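What follows is each chain in one-letter form.
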Amino acid sequence: MKTKVTALSDAKVGNTGIVESIDLPAEVGDYLAHLGFLPGTRVEVLRRAPAGDPTVYRIDGIEVGLRSETASHIFLKLNARTAV
Amino acid sequence: MSCHAPVIEPVLEPIDPAPAPPASGKKPALRTVALIGPPNSGKSTLFNQLTGMRQKVANYPGVTVDYHSGRMKSIGRSDLTLIDLPGIYSLATYSEDARVAVDVLTGKMPGVPKPDCVLLVLDATHMNRQLMLAAPVFSIGLPTLVLLNMSDQMDERGGRLDTLALARELGHPVALISAAKGTGLDVIPEFLLHADDTLNTKLRPVQLPVLQTPSACRTWASQVTLRSDYQSPAASRWTQRLDSVLLHRIAGPLIFLAVVFAVFQVVFTIGQPLSDGLGNLLTHLGAKVALLLPDNWLRLLLRDGLWNGVQSVLVFLPQILLLFLFIGVLEDSGYLARAALIADRVMRSIGLNGKAFIPLLSAYACAVPAIMATRTIENKRERLATILIAPFMTCSARLPIYTLVIAAFIPNHLFLGGIIGLRAIVMLSLYVLGFLAALFTAKLLNSSIMKASTAPFILELPQYRWPTVQGLAMRLYDRGMLFLKKAGTVILGASFVVWLLSVLPVHFAGGTAHVSDIANSIVGHLGRFIEPVLRPLGFNWKIGIGLLSSIVAREVIVGTLGTLYGVDPATHAVGLQAALRHDMTLGGAIALVVFFAFAMQCTSTLAVVRRETNSWKFPALQFAYMTVFAYIAALITNQVIVHLF
């Protein structure tokens with residue numbers, strides 16, 4: 001199956017993918033890790049806030065809102081079937 | 001789809017059946033049980049289920065973290081005390097909450113007995129993350145029962161978990177429960193019996209990996225859940241449906257505004273009659289009791305000095321409780337997190353972290369806990385900015401003076417076919433005014449002290465839930481007690497001082513003592529001394545005295561005015577609203593509430609700012625800035641209204 005690596009902020013609503021890497025300072029990265037943002041975890045783009053940002057992601061049974069400035073440092077392999 | 005038995009029997013297998021300790025006579029009795037769990041795991045609901053409503057709130061010594069404790073009466077163990085620890089994700093001691101939890105669990109918290117066993121509450125709907133707290137809790141070595149909460153959600157949304165396998169993996173008994181529905185809780189007394197029996201035996205040391213980093217913790221948790229045949233439940237369909245409306249591009253913000261409007265409207269349409277009724281009752285009661293007293297200084301002291309002031313403030317209890325009922329419903333249902341998401345864009349435009357939203361929101365209740373809550377903001381400059389703007393948020397202490405003035409001066413016109421009243425609109429405008437002042441100040445600070453903002457916005461959105469009656473009742477109880485306590489201490493004291501100064505000096509003539517006429521009393525002289533400064537604002541000297549006394553706390557002004565107008569023969573017989581209408585212009589009245597929207601009339605807030613910033617510089621600066629701000633705004637308000645009407 002064909003996959004490509006993309007920033008989480010660029011993924012579209014409805015896309016799913018597997019977290020590949022996270023490029024953020026340790027304290028932010030640790031907090032995100034507690035929420036489930038770790039390499040290998042499946043993430044889904046659920047919806048955008050009314051103003052278009054932040055975006056709500058579904059990861060490991062919970063929903064987390066992130067601003068695009070944070071999400072742009074999280075990279076994932078988009079699941080090819082949903083990356084339309 | 002239910003792939004597991006609805007309620008799994010507890011597994012007590014890991015407790016080592018091996019050598020009983022040297023028989024030294026009596027077993028130590030089980031006394032104290034600690035309740036621990038991550039935020040939103042349903043810990044408070046469980047706490048209420050286990051203790052009933054007989055619990056007390058206290059502060060851990062030396063720190064600002066509140067805790068509830070109570071007897072486990074609901075499960076027939078009133079001999080046991082349950083301590084509710086702060087909701088935390090990990091025991092890493094970088095947060096104060098986590099440090100408190102570790103200190104209590106290891107028996108190092110002065111004044112708190114060392115727990116004999118632990119109830120660990122985890123949200124079963126996302127175990128991978130919740131289990132990250134389990135390893136450090138187990139390593140403390142106390143007998144621990146793992147309660148997987150939200151079993152009802154697991155069932156409804158197709159989740160699955162083999163609790164027997166999980167218990168084997170963890171080396172501790174595990175049970176699925178639903179704290180909200182009250183199901184599965186019978187494992188708790190059973191565990192406590194076993195914990196009782198095995199207190200003298202040693203638990204088998206659990207072989208857990210050394211979990212230094214979150215990712216190591218996480219990897220361990222994933223392996224454990226994998227071996228326990230865990231399937232996290234699908235997203236709740238209700239949450240998805242609700243969010244598609246409540247976070248809708250257009251409907252979302254509109255609903256947000258409608259919700260805020262509805263809250264204020266109800267505070268008036270339901271709260272005002274309740275408040276008036278309570279007022280009548282208290283007046284009646286006061287008059288009845290006064291008749292029983294001899295007609296001398298004692299009656300004066302009790303009725304005019306104490307009762308009038310305290311009663312004027314007490315009548316606002318229904319409105320305050322209603323407001324907190326709404327805040328409680330919004331928070332417990334999960335809507336508040338959505339509101340934060342909607343508001344983030346505005347917060348960002350003024351250079352504030354979305355995380356500042358939660359402290360600022362709680363400042364609508366009271367600035368003191370809000371300022372303490374800013375500890376979650378890592379960036380020092382952002383934290384300072386949040387501390388400095390928090391007191392502009394309309395706290396509940398402003399509610400008494402707002403509702404008093406609005407009820408006295410604003411006619412109850414209805415618009416849009418009776419949905420929105422003029423009073424609610426004025427009230428909401430005052431809240432917006434405070435918020436705008438906060439925005440303005442944040443902008444000001446942003447261009448001076450806060451250059452770079454890097455802290456991220458990370459917000460967990462819980463699934464929507466029905467708020468529980470017990471949870472809401474608990475909040476209202478806490479809030480109500482706090483209010484009554486303040487009425488019984490600060491407001492009572494201030495009323496007494498104001499009354500005393502309004503009857504002194506005592507003159508002796510013809511062998512009998514005569515108290516001063518209010519105009520010639522100390523208060524009268526002081527009031528007229530400051531009157532020239534306040535006249536342009538449309539305030540008379542009595543309002544001036546009210547302002548001076550309210551530096552202690554905002555509600556005190558209502559108590560003071562109650563005392564002053566009660567002592568004055570001209571307004572003695574009428575209620576406070578009528579007295580104000582008789583004594584103030586519309587301009588002065590509106591200027592008064594505008595003054596209160598901006599002024600820093602609260603010694604508790606000043607003290608907490610001093611403590612949190614560790615310097616007198618910031619509270620002094622804040623006090624001066626807000627007072628000048630309030631004075632100028634009130635001056636403009638009065639002058640504009642005087643020239644318009």
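Computed from a prediction, not measured in an experiment: that's the story for all the values here.

Observations concerning the overall build of chain B
Alright, step 1. Per the secondary structure count, chain B includes 27 helices and 12 strands.
Alright, step 2. The 645 residues of chain B split such that 44% are buried.
Alright, step 3. Of the contacts made within chain B by residues no fewer than 6 positions apart, 75% connect residues no fewer than 24 positions apart.

Section: the overall build of chain A
Alright, step 1. When its secondary structure is counted, chain A shows 2 helices and 6 strands.
Alright, step 2. Traced from its N-terminal end to its C-terminal end, chain A shows the element sequence β-β-α-β-β-β-α-β.
Alright, step 3. Taking 84 residues into account, the globule formula puts the C-alpha radius of gyration at 12 Å, and chain A, at 12 Å, falls close to it.
Alright, step 4. In terms of principal-axis extent, the alpha carbons of chain A reach across some 35 × 30 × 20 Å.
Alright, step 5. For chain A, the residues scored as buried account for 40% of the 84 residues in total.

Concerning unusual backbone geometry
Alright, step 1. Residue Asp-53 of chain A is joined to Pro-54 of chain A through a cis peptide bond whose omega torsion reads -5°.
Alright, step 2. Its identity as a non-glycine residue notwithstanding, Met-150 of chain B has a phi of 70°, on the positive side.
Alright, step 3. Relative to the elements of secondary structure, Met-150 of chain B occurs in the loop between strand 6 (144-149) and helix 5 (151-156).
Alright, step 4. For Met-150 of chain B, a count of 27 C-beta atoms within 10 Å corresponds to the buried category.
Alright, step 5. Even without being a glycine, Asp-229 of chain B presents a positive backbone phi close to 60°.
Alright, step 6. Among the structural elements, Asp-229 of chain B can be located in the loop between helix 8 (214-227) and helix 9 (237-246).
Alright, step 7. For Asp-229 of chain B, a count of 15 C-beta atoms within 10 Å puts it in the partly exposed group.

As for the environment of Ile-530 of chain B
Alright, step 1. By the element assignment, Ile-530 of chain B lies in helix 21 (residues 522-534).
Alright, step 2. According to the C-beta neighbour criterion, Ile-530 of chain B is partly exposed, with 15 such atoms within 10 Å.

Describing the packing of helix 26 (residues 603-613) of chain B against helix 27 (residues 617-644) of chain B
Residue and element names in this part refer to chain B.
Alright, step 1. Where helix 26 contacts helix 27, the two axes come as close as 7 Å, and the packing angle between them is 140°. The pairing of helix 26 with helix 27 is recorded here as oblique in orientation. When helix 26 is examined against helix 27, the residues Leu-606, Val-609, Arg-610 and Thr-613 are found in contact with a partner set consisting of Phe-618, Pro-619, Gln-622 and Phe-623.
Alright, step 2. Class assignment of the residues belonging to the contact of helix 26 with helix 27 gives a composition of 5 nonpolar, 2 polar and 1 charged.

Details of the nonpolar core
Residue and element names in this part refer to chain B.
Alright, step 1. One finds Ala-367, Ile-371, Ala-390, Val-405, Leu-592, Val-593 and Phe-595 to be the most contacted residues of the largest nonpolar core, which totals 96 residues.
Alright, step 2. Apart from the residues lying within four places of it in its own chain, the contact partners of Phe-595 are Ala-630 and Ala-634.
Alright, step 3. Core analysis: the next-biggest nonpolar cluster, separate from the first, contains 60 residues, Leu-46, Leu-148, Phe-191 and Ala-195 among them.

Concerning the environment of Leu-564 of chain B
Residues and elements named next belong to chain B.
Alright, step 1. Topologically, Leu-564 is positioned in helix 23 (residues 556-567).
Alright, step 2. C-alpha of Leu-564 to C-alpha of Val-498: the two residues are 66 residues apart in sequence and 7.7 Å apart in space.
Alright, step 3. Once you skip the residues sitting within four places of it in the chain, Leu-564 turns out to touch Val-498, Ser-502, Lys-542 and Ile-545.

With respect to the environment of Phe-629 of chain B
All names here are of chain B.
Alright, step 1. Mapping Phe-629 onto the fold places it in helix 27.
Alright, step 2. Considered as a pair, Phe-629 and Met-600 are 29 residues apart in the sequence and their alpha carbons are 9.8 Å apart.
Alright, step 3. In this structure, Phe-629 is in contact with Ala-437 and Phe-598, ignoring residues within four places of it in sequence.

Looking at the sheet that holds strand 3 (residues 42-48) of chain A
Alright, step 1. Read from one edge of the open sheet, 7 strands run 1(A)-6(A)-2(A)-3(A)-4(A)-5(A)-10(B), paired in antiparallel fashion. The outermost strands of the open sheet, each flanked by one partner alone, are strand 1 (5-7) of chain A together with strand 10 (458-461) of chain B. The sheet shows a mean angle of 40° between the axes of neighbouring strands, taken without regard to direction.
Alright, step 2. Looking at chain direction, strand 2 (residues 16-22) of chain A and strand 3 of chain A are connected through 3 bridges and run antiparallel. Its bridge partner lying in strand 3 of chain A, Gly-17 of chain A is registered against Val-43 of chain A.
Alright, step 3. Each of strand 2, strand 4 (55-59) and strand 5 (62-66) of chain A together with strand 10 of chain B is contacted by helix 1 (residues 26-35) of chain A, which is oriented at about 10° to strand 10 of chain B, the strand it contacts most.

Observations regarding the interface of chain A and chain B
By a widely used convention, the size of an interface equals the accessible area lost when the partners come together.
Alright, step 1. The interface is formed by 27 residues belonging to chain A together with 30 residues belonging to chain B.
Alright, step 2. Elements supplying a minimum of two residues to the side of chain A that touches chain B: helix 1, strand 4 and strand 5 of chain A.
Alright, step 3. For the side of chain A that touches chain B, the element with the highest residue contribution is helix 1 of chain A, accounting for 8 residues.
Alright, step 4. Residues that form the side of chain A that touches chain B fall into these classes: 14 nonpolar, 5 polar and 8 charged.
Alright, step 5. Judged from the 4 bridges that link them, strand 5 of chain A and strand 10 of chain B form a sheet pairing that is antiparallel. By the bridge assignment for strand 10 of chain B, Leu-66 of chain A is matched with Ile-458 of chain B.

Regarding the confidence of the model for chain B
Residues and elements named next belong to chain B.
Alright, step 1. Across chain B, pLDDT averages 78, with 84% of residues at or above 70.
Alright, step 2. Confidence over residues 59-64 falls short of pLDDT 50; this stretch has 10 contacts with residues more than four positions distant or in other chains.
Alright, step 3. Among the prediction metrics, the complex's ipTM stands at 0.88, with pTM recorded as 0.71.

Re helix 1 (residues 43-51) of chain B
All names here are of chain B.
Alright, step 1. In terms of residue burial, helix 1 counts as a mostly covered element, since 9 of its 9 residues are buried.
Alright, step 2. Along helix 1, the residues classified as buried are Lys-43, Ser-44, Thr-45, Leu-46, Phe-47, Asn-48, Gln-49, Leu-50 and Thr-51.
Alright, step 3. At the C-terminal side of helix 1, Gly-52 shows a positive phi close to 70°.

With respect to the packing of helix 20 (residues 469-503) of chain B against helix 23 of chain B
The geometry of a pair of packed helices is captured by two quantities: the angle between their axes and the separation between those axes.
Residues and elements named next belong to chain B.
Alright, step 1. Running from N to C, helix 20 and helix 23 point in directions that differ by 35°, and their axes come no closer than 9 Å. Crossing of helix 20 against helix 23: the hand is right-handed. Taken together, the residues of helix 23 that come into contact with helix 20 (itself represented by Val-490, Ile-491, Ala-494, Ser-495, Val-498, Trp-499 and Ser-502) are Val-556, Gly-559, Thr-560, Thr-563, Leu-564 and Val-567.

Focus: helix 14 (residues 335-349) of chain B
All names here are of chain B.
Alright, step 1. Given a rise of 1.5 Å per residue, 15 residues ought to cover 21 Å, and the 22 Å separating the end C-alpha atoms of helix 14 matches this to within 8%.
Alright, step 2. The largest bend in helix 14 is about 45°, located at Ala-343.
Alright, step 3. Within helix 14 the residues assigned to the buried category are Ala-337, Arg-338, Ala-340, Leu-341, Ile-342 and Asp-344.
Alright, step 4. Once helix 14 ends, the next one or two residues include Gly-351, with phi positive near 80°.

So, the confidence of the model for chain A
Alright, step 1. Confidence along chain A averages 83 in pLDDT terms, with 90% of residues attaining 70 or more.
Alright, step 2. Looking at the elements of chain A, mean pLDDT is at its lowest for helix 1 of chain A, recorded as 78, and at its highest for strand 4 of chain A, recorded as 91.

Rules of the game
- Residues numbered from 1 in each chain as written.
- Chains lettered and ligands numbered in written order.
- Predicted model: local features only at pLDDT ≥ 70, side-chain atom pairs only at ≥ 80, totals over all residues.
- Helix = DSSP H or I, 4+ residues; strand = E, 2+ residues; numbered from the N terminus.
- Buried ≥ 20, exposed ≤ 12 C-beta atoms within 10 Å, placed from the backbone.
- Contact = placed C-beta atoms within 7 Å.
- Rg over C-alpha atoms; globule rule 2.2 N^0.38 Å.
- Axes fitted to C-alpha atoms, helices over the stretch in contact; angles between N-to-C directions.
- Parallel < 35°, antiparallel > 145°, perpendicular 65-115°, else oblique.
- Nonpolar A, V, L, I, M, F, W, Y, C, P; charged D, E, K, R; others polar.
- Core = buried A, V, L, I, M, F, W, Y, C linked by C-beta atoms within 7 Å.
- Pairing = 2+ DSSP bridges.
- pLDDT = per-residue confidence, 0-100.
- Left-handed = near helix turned anticlockwise from the far one by under 90°.
- Expected span 1.5 Å × (residues − 1).
- Bend = angle between axes of the 7 residues up to and from the residue.

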